[in-house]
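Residues per chain, in single letters:
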Amino acid sequence: QLRAPTVYSEEKILRVKEELARAESAARSRNGELGVEVEATSQKNREAKTIRVQLRVHEAVPFTVRRIEFTGHKRFSDRTYRRRILLKEGEPFGAEKLERGLEQLARGGFVRPATRENVNVKFDEASRTADVSIHVEEIGRQRISLTGGGSALGNTLGIAHNVFDLLGGEELLTVPYWSPPAGKW
């Protein structure tokens, strides 16, 4: 916090700018608005030996998502992942939107939750664009099978649910049903 009058320090001005920008951006992001930038201008009065610092807060120019890339997937197409993530190419970048999209992607149940190491965002200040790279780790394959048939010995019906590579192993759940032939028992 900067109190007036005080001894002028460029470091204090920078610190106040950062605190103000952080507080304003946090308040605006809760309302879904863009962040802010803080501009400081100073006027020197040599006769009075003072410096007047004026801080201006204005909306930040947003970064536009240029490219979203998914790596590490084998079975699902990019389109499958893009439908579930909220961040879209050509739209303004938002960290909160990216986080919510990653949570939604993990809730789908076919990929592991993303960690900070799985997400890489590169910002280009000159063009105000952002490239997002997300490494996804798919959860194992699942299969449900129905089996059955009839013969002189009776009728059978079965359901089998296989899960491969879930937690590094394999699970097999089967539920068989057998009924004796009609009139035999």
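Since we're looking at a predicted model, the values are computed, not measured.

## Here's the deal with the confidence of the model for the protein chain
Then, number 1: Averaged over the protein chain, the pLDDT score is 76; the fraction of residues at 70 or greater is 69%.
Then, number 2: Counting interchain partners and residues more than four positions distant, the pLDDT-below-50 stretch residues 164-170 has 12 contacts.

## Some remarks on the sheet that holds strand S3 (residues 64-71)
Then, number 1: As summarised here, the arrangement of the three strands in space is S3-S5-S4, forming an open sheet in which the pairing is mixed. Two strands lie at the open edges of the sheet, namely S3 and strand S4 (119-124), each paired on one side alone. Between one strand and the next, the sheet's axes are offset by a mean angle of 15 degrees, whatever the strand orientation.
Then, number 2: Alignment of S4 against strand S5 (residues 129-135), held across six bridges, turns out to be antiparallel. When the bridges of S5 are listed, Asp124 appears paired with Thr129.

## Considering helix H3 (residues 95-107)
Then, number 1: Spanning 13 residues, H3 covers 18 Å between terminal C-alpha atoms, matching the ideal 18 Å at 1.5 Å per step.
Then, number 2: The set of residues buried in H3 consists of Leu98, Gly101, Leu102, Leu105 and Ala106. The buried side chains of H3 occupy one side of the element, clustering within an arc of 135 degrees when seen end-on.
Then, number 3: Lining the buried residues of H3 we find helix H2 (78-84), S4 and S5.

## Description of the pattern of salt bridges
Then, number 1: Under the counting rule described, the total for this entry stands at seven salt bridges.
Then, number 2: Notably, a salt bridge pairs Glu89 with Arg67, separated by 3.1 Å at the nearest N-O pair. Of this pair, Glu89 sits in the loop between H2 and H3 while Arg67 sits in strand S3, placing them 22 residues apart in sequence.
Then, number 3: The residue Arg82 makes a salt bridge to Glu89 at a minimum N-O spacing of 3.1 Å.

## Re empty space enclosed by the protein
Then, number 1: Applying the stated criterion across every chain yields a total of one cavity of 30 Å³ or more.
Then, number 2: Size it by volume and the largest cavity reaches roughly 40 Å³.
Then, number 3: Together, Leu102, Leu105, Ala106, Val111, Arg112, Ala114, His135, Val136 and Glu137 line the largest cavity.
Then, number 4: At three residues, H3 tops the list of elements feeding residues into the lining of the largest cavity.

## Considering the pairing of S5
Then, number 1: One ladder, built from seven bridges, connects S3 with S5; its direction is parallel. Bridging across to S5, Ile68 finds its partner in Val132.
Then, number 2: Taking the residues between adjacent antiparallel strands as the criterion, S4 and S5 are bridged by four residues, where Arg128 takes a positive phi near 55 degrees.

## Section: the nonpolar core
Then, number 1: Within the largest apolar cluster, 17 residues are counted, with the highest numbers of intra-cluster contacts made by Phe93, Leu98 and Ile134.
Then, number 2: Elements that contribute at least two residues to this core include exactly S3, H3 and S5.
Then, number 3: In this structure, Ile134 is in contact with Ile68, Glu69, Phe70, Thr71, Ile85, Leu98, Leu102 and Asn118, ignoring residues within four places of it in sequence.

Each value, and the rule that gives it
Residues numbered from 1 in each chain as written. Predicted model: local features only at pLDDT ≥ 70, side-chain atom pairs only at ≥ 80, totals over all residues. Heavy atoms only, no water. pLDDT = per-residue confidence, 0-100. Contact = heavy atoms within 4.5 Å. Pairing = 2+ DSSP bridges. Helix = DSSP H or I, 4+ residues; strand = E, 2+ residues; numbered from the N terminus. Axes fitted to C-alpha atoms, helices over the stretch in contact; angles between N-to-C directions. Expected span 1.5 Å × (residues − 1). Buried < 20%, exposed > 50% of the residue type's maximum accessible area, 1.4 Å probe, protein only. Arc of directions from axis to C-beta. Salt bridge = Lys/Arg side-chain N within 4 Å of Asp/Glu carboxyl O. 1 Å grid on protein atoms, 1.4 Å probe; cavity = no way out; pocket = protein on both sides within 12 Å on 5 of 7 lines; lining within 4 Å. Points joined across faces, edges and corners; volume = space filled by probe spheres on them. Core = buried A, V, L, I, M, F, W, Y, C linked by side-chain atoms within 4.5 Å.

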